Amino acid sequence: MADASQATTPAVEGNPVPEVPETQTPPADVNGTTEQEQTEEGAEQALEDQPFVVTIVLPHTTETLDIPVSPMEQIHEIRQSIIEHPIAIEFSCFHLEFNGKKINDFIQVSDVEGLENGAQLHVVEDPYTEKEARIHLIRIRELIGASGDRTDTVHGVLAGVSVHDDIVVENPDAPEAEIKEYDFQAPADLAILLPKETGPAPKTIKSISLSPWNPPPAYWRQKGHLLYLVIQTNEGEQHHVTAHAGGFFVNRCSNAKFDPLPKPAPKDCASHSLFTLLKKLSPSFEESFKKFQEFSSQKDPLATFQVGNTFPSAPWLVPSNNSSLTAHEADNTRSQETYLLGGAENVDSLRDWNEEFQSAKELPKETIQDRVFRERLLAKLFADYTDAAARGAVLVARGEVAPLNPTEDKDAQIFVYNNIFFSFGADGVGTFTSEGGDEAARVATGKDVLGVKLVNQLDIDGLYTPGTVVIDYLGKRIVGQSIVPGIFKQPEAGENQIHYGAVDGKDIVAADERFAPSFEKLATALRVKKHAVWDKENKRHDLEASVEMKGLLGTDGRKYVLDLYRITPLDIAWMEESGPEGSEYPHRMTVLRPELVESLAKQKTREYVQAELLKRGVIKKPEEKKEGEEATEEAKTEEGEKSEEPKAEDTEKTEEAAESTEVAEKKDEEEAAKEDERIDISNFKFALNPDVFSGQVPQTEEEKAEMAQDEQDVRDAGIYLRDSVIPALLNDLKESDISFPMDGRSLTRLLHRRGINMRYLGKLATLSEGTRVECFRQLCVREMIARAFKHVAAKYLRYLPLPLTSACLAHLLNCFLGFGLNSSPVAEVDEELRKVFSDADYSFEEVTPESLREAMQQEILHRFRFTLEDGWFNQLQHIQMLREVSQKLGLQIQNKKYAFVANEGEAEPVAEKAAAPAPAPVEDGNKKKKKKKAARETSPVVAAPVVTVPHTFSPDDFFNVVPIVKDSTPRSALAEEALEAGRLSIYQNQKKLGEDLLLESLSLHEQIYGLVHPEVAQMYHTLSQLYYQLGQKDAAVELSRKAAIVAERTVGLDSAETVLNYLNLSLFLHQRGDSQQALLYARHALDLWKVIYGPDHPDTITTMNNYAVMLQSIKAYHESRRWFEESLRVCNKVFGEQTVHSATLLFQLAQALALDQDAKKAVDRMRESYNIFKTLLGPEDKNTKEAEHWLTQLTHNAVSVAKATKELQARRAKGTLGFSPRNATAGAAGIGSVVPSAVGVDNRSLDELVKFVEGSEKKKGGKKPKGPSNPKKRGGKA
């Protein structure tokens, strides 16, 4: 970790960092200096900021350590680099000295007088405090592998795991392995989601823990004793050790006798570091520690780095309880870690979260280094707070925290834990009675955390937000907020607790003018119109924001903004629309998304600019301009596809690229307008009133007219969503302008990015007509069903005690997915638990498959206004639906072969029914035995009831439940600025500048977020594509590999991002010439695709095409042909047979058949391709002519093959049988000898033909062999 951080830090300082933002600062003459003077000053500053190397002198050794440092770094960063360096691992309690003087850890390097290149810094050991001794013990335990497994209630089992290293070929230099035939009809293999089991790590010591004699009595504490430890070495010896202010020494204690004095010579042993003491005590320690390091280094470093500033991804599928990956080991210190981390009073871990947040926000941000330090601190702070809030929420949900108001109703109870205020996302006190009660309150909390995130991203000076996190756990929604000073203070008579916005519902409205300037900035950024509201006495108040948004003046003097769930107006079109009977929406919190408002604002701005240009004669007609723009965009799209084909099918990247293109076009438009005639867009303002349709009653005619206009503006926004945004999305999918989403998460992300609420899933499914968008329709329906099950399950789980939740989940899933195996499932509840929780709500036992379906259908009708087809439950893709449900509820399910239908048996369950079923009785018998055995092990008092009919799921299958967390963490503005500047530079053809800016952005991402973070994975992905475009294939491969590993650990082993990163990696490896390795990664991505979506996803057409080309490059022609055939099958299913896509794939398949020596079929396929091209594109099109040319060649080849075969048969008839017919055909009439002669002019060899088929030969400029197979796809050119 040290090496990685050191590698990136100098890059920040080495590049001309200050120049990036300085280009955005005011002009040179503002401060009275000339441009030349500024340039000279900048150059001098850049020289001063150059990194240099210092030498670290370590105690007790002659070894030294050279570390690159930057003048802008702080000393504690150098200190951390020393601690993490392999030759200095034993040191943790020390300070640095320069020229005999102690250096403060928190000053900058540039502040140390005389510190320059080659200077020596001395490490001087410090005396320990109890806290330092505890930290040292924790660190050494981690370092030597003495800490056992941890049970983490929040992160879950195997959180942040990576399977990348399991895919890699063990011996890359070995001869190419035989290509195994891929079974396209095989069901999804869930084993790919699990890391391979490895042997146990080498033991360095048997155990190290706190001694039973700990803590030291007062008498010995006065003498410097801090802790007492007990150590068992691999040799079987036990040593009692005293942690003293001066270091660690072996004492005279035993298990029965207390004597903490040092042992006399020759058995005395002492050292400042515990690590050095262990080397002295155990002869085998050094050797075993080397073996442990070798074992640890087998994995990629990125796969082992600690996940810092984000939640590690918790896999939904985990190994069984008896797997070594989930084995629970004995570790005395595990239960002592709370004390080691927080001290005896646990005060080390208590933090004033609100003060930390607001103090960090108030840090200076004038210079680059200021901003880096501030944003890095904020990223760490948000991550710590989110983790603490999630842990507290889980305890609250489990009933482990006492409420502050125990006499209130459960939903109205509030809690404080770890200085975080917790409440339930339910309408416990009747605030949302008129809006929909509990349903409205639940939605409001989700909207609130989104609003807080937006405000945090805007970073408005003088406006503060509390730390806010929403946690969903076992049917409960819990809100965790930092405690705002004064929020619990009772207002004095005549005063309001709220200083801006609604008080006590909307009866009283406060409008403290001190909040107006800050709220005005916020309203401008959020497109909120200043508007009038009226209190219960019909008194008018002009507010900058929604009346629901509140301003509170804290007792610390800061202005806080609260309740940000109504920053956008209501979607009145949805509320007024009459759906099917019984489809009343469950609440009135149907607000528009901020992305839609922003999109509409851009559209209105464009219309305004065009209208102004039209007035001034700069443009002729809007229609002509529009057509020209469209033509340009189409040309750019085609050009972009040609250059971006070797990338991967990445929706997010595509849309980001489109956004950057839009930014560039907008800037070009503005510049052109300025050159012709300046258009002052300051006169144009677009903002919406968020309080229309919410009960406001204007008093005068003027107010009524204004309100009517505001209402019309909001209605127009709804019309824009329905008539423009939704049709545009469906059109982009039909035209393959964007990739199809793969699962619920990617679908949600796509819709939200376009500004479409999830309640429109039903409308999207209804509008998705035709085979081209059938995939999208299926995903929408699947997502509605999964969400409906989540809501139904939450009602039963909400008040259920934790030990009963597994039985509830098992029964609900048996009714949902397992009815094919058992149509009348019975809940398996342990009778002992039933006695213990006699007052629990066991209503889930009454659920049947029929009643569950009815409840889910009602949920879908209410929430999405969509009616499922009859028999929808028989068409479910079981594995994919189980995955969706597990991710939405945070389930971690045990890996085993689940049987979903009676005749499925041991077969892996998939949506396809083509898989050959195994005998059912085998599965049934085994399941019974396993259940009985599990019941005996888990409940020794009373065995679980014997179930005569098997169930798909049992309570033992549910390993864990992790909380689903929504945080308010903003992205780094500084890193985003560098990223956008880099993209814009590349778009403007300034590739070198763009590359430097993107590298700068990556360095900033790594510094601010840490190395393992989703934003960093995205940066790795972006840079890998850039390097590929620049021809730096090795760098592209390395960055795409990092992107895949980090995405696995932070987003998910089977996330859409991980699949796309693996596809990128495979394509880049193939281009580098490592097709064997590329095939492994591509196959892994396709296997993941099967788990995520199932078979026949439209984007797999491109992937299978690429896979076939890779197979051709290693001369696996027969397998390559099979992949082309499968790609064609999916293409025909999605696009239809008589399309350009199918014609192009037929063209490629014909070439593959020729290479596989199937000349007759090659001619047939090429003829089909030619006929389609001729019909659709005409006889003069280049594609048609190319197909005609190849048809001639292949026909000639087929004739030659037929002749050779006839001659061969004639010879065989005469008795000449000296060779194999297959070999004879290959030698006499193979593609290598026949096709080149047919080509004539080209006279190509076999290798040249292969190159042509792969598309790497560019001789024929008019034809791009794979391009038309899917003109909009990415990754088509391998």
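As annotated in an unreviewed UniProt entry, the protein chain carries the name Clustered mitochondria protein homolog and comes from Pseudoneurospora amorphoporcata. As its UniProt record puts it under Sequence similarities (unreviewed entry), the protein chain is described as follows: "Belongs to the CLU family." UniProt annotates the protein chain under Subcellular location (unreviewed entry) with the comment "Cytoplasm".

What follows concerns the overall build of the protein chain. Of regular secondary structure, the protein chain possesses 42 helices and 24 strands. Looking at the protein chain residue by residue over its 1278 residues, the buried ones come to 52%. Surface accessibility of the protein chain: about 57,300 Å² in total, with carbon and sulfur atoms responsible for 51%.

Interaxial distance between helix α35 (residues 1100-1113) and helix α36 (residues 1117-1135) falls to 8 Å at its minimum, and their mutual angle equals 165°. By the angle between their directions, the pair α35 and α36 is classed as roughly antiparallel. Like other packed secondary-structure pairs, α35 and α36 cross with a definite hand, here left-handed. Across the interface between the two elements, Thr-1100, Ile-1101, Met-1104, Asn-1105, Tyr-1107, Ala-1108, Val-1109, Leu-1111 and Gln-1112 from α35 touch Tyr-1117, Glu-1119, Ser-1120, Trp-1123, Phe-1124, Glu-1126, Ser-1127, Val-1130, Cys-1131 and Phe-1135 from α36. In terms of residue class, the contact of α35 with α36 is made up of twelve nonpolar, five polar and two charged.

The tendency in soluble globular proteins is for nonpolar side chains to be buried side by side. Among the nonpolar cores identified, the biggest contains 207 residues, and Phe-776, Ile-785, Phe-789, Leu-813 and Phe-816 are the most heavily contacted of them. Among the elements that take part in this core, helix α13 (residues 368-397) stands out by supplying 14 residues, more than any other. If sequence neighbours within four positions are ignored, Ile-785 has contacts with Phe-816, Met-856, Ile-860, Leu-868, Trp-872, Leu-876 and Met-881. In terms of nonpolar packing, the next biggest core, distinct from the first, is built from 29 residues, Cys-93, Ile-205, Leu-277 and Phe-289 among them.

Glancing now at the sheet that holds strand β22 (residues 891-894). On the basis of which strands lie adjacent, the open sheet formed by three strands has the order β11-β22-β23 and mixed pairing. Pairing within the sheet leaves two strands with one partner each, and these edge strands are β11 (317-318) and β23 (958-961). In terms of strand pairing, β11 meets β22 through two bridges, oriented parallel. From the neighbouring strand, Val-318 faces β22, where its bridge partner is Gln-894. Running over the sheet, helix α24 (residues 802-816) touches β22 and β23 and is turned about 110° from β23.

Counted under the stated rule, the structure contains 72 salt bridges. A salt bridge links Arg-141 to Asp-331, with the shortest nitrogen-to-oxygen separation between them at 3.1 Å. Here Asp-331 lies in the loop between β11 and α11 (337-342) and Arg-141 lies in helix α5 (residues 130-143), a separation of 190 residues in the sequence. In this structure, the salt-bridge partner of Arg-141 is Glu-337, at a minimum N-O distance of 3.7 Å. On the criterion of sequence distance, the pair formed by Arg-141 in helix α5 and Glu-337 in helix α11 is long-range, its members being 196 residues apart. By relative accessible area, which is 2% here, Arg-141 ends up buried. Ionic contacts of the salt-bridge type, sharing partners, join the residues Asp-743, Glu-783, Arg-787, Arg-883, Glu-884, Lys-888 and Asp-1054 into one network.

Criteria and thresholds
Residues numbered from 1 in each chain as written. Predicted model: local features only at pLDDT ≥ 70, side-chain atom pairs only at ≥ 80, totals over all residues. Heavy atoms only, no water. UniProt positions renumbered as here; feature names shortened; annotations may be inferred. Helix = DSSP H or I, 4+ residues; strand = E, 2+ residues; numbered from the N terminus. Buried < 20%, exposed > 50% of the residue type's maximum accessible area, 1.4 Å probe, protein only. Areas by Shrake-Rupley, 256 points an atom, 1.4 Å probe, with all protein chains shown as cover. Axes fitted to C-alpha atoms, helices over the stretch in contact; angles between N-to-C directions. Parallel < 35°, antiparallel > 145°, perpendicular 65-115°, else oblique. Left-handed = near helix turned anticlockwise from the far one by under 90°. Contact = heavy atoms within 4.5 Å. Nonpolar A, V, L, I, M, F, W, Y, C, P; charged D, E, K, R; others polar. Core = buried A, V, L, I, M, F, W, Y, C linked by side-chain atoms within 4.5 Å. Pairing = 2+ DSSP bridges. Salt bridge = Lys/Arg side-chain N within 4 Å of Asp/Glu carboxyl O.

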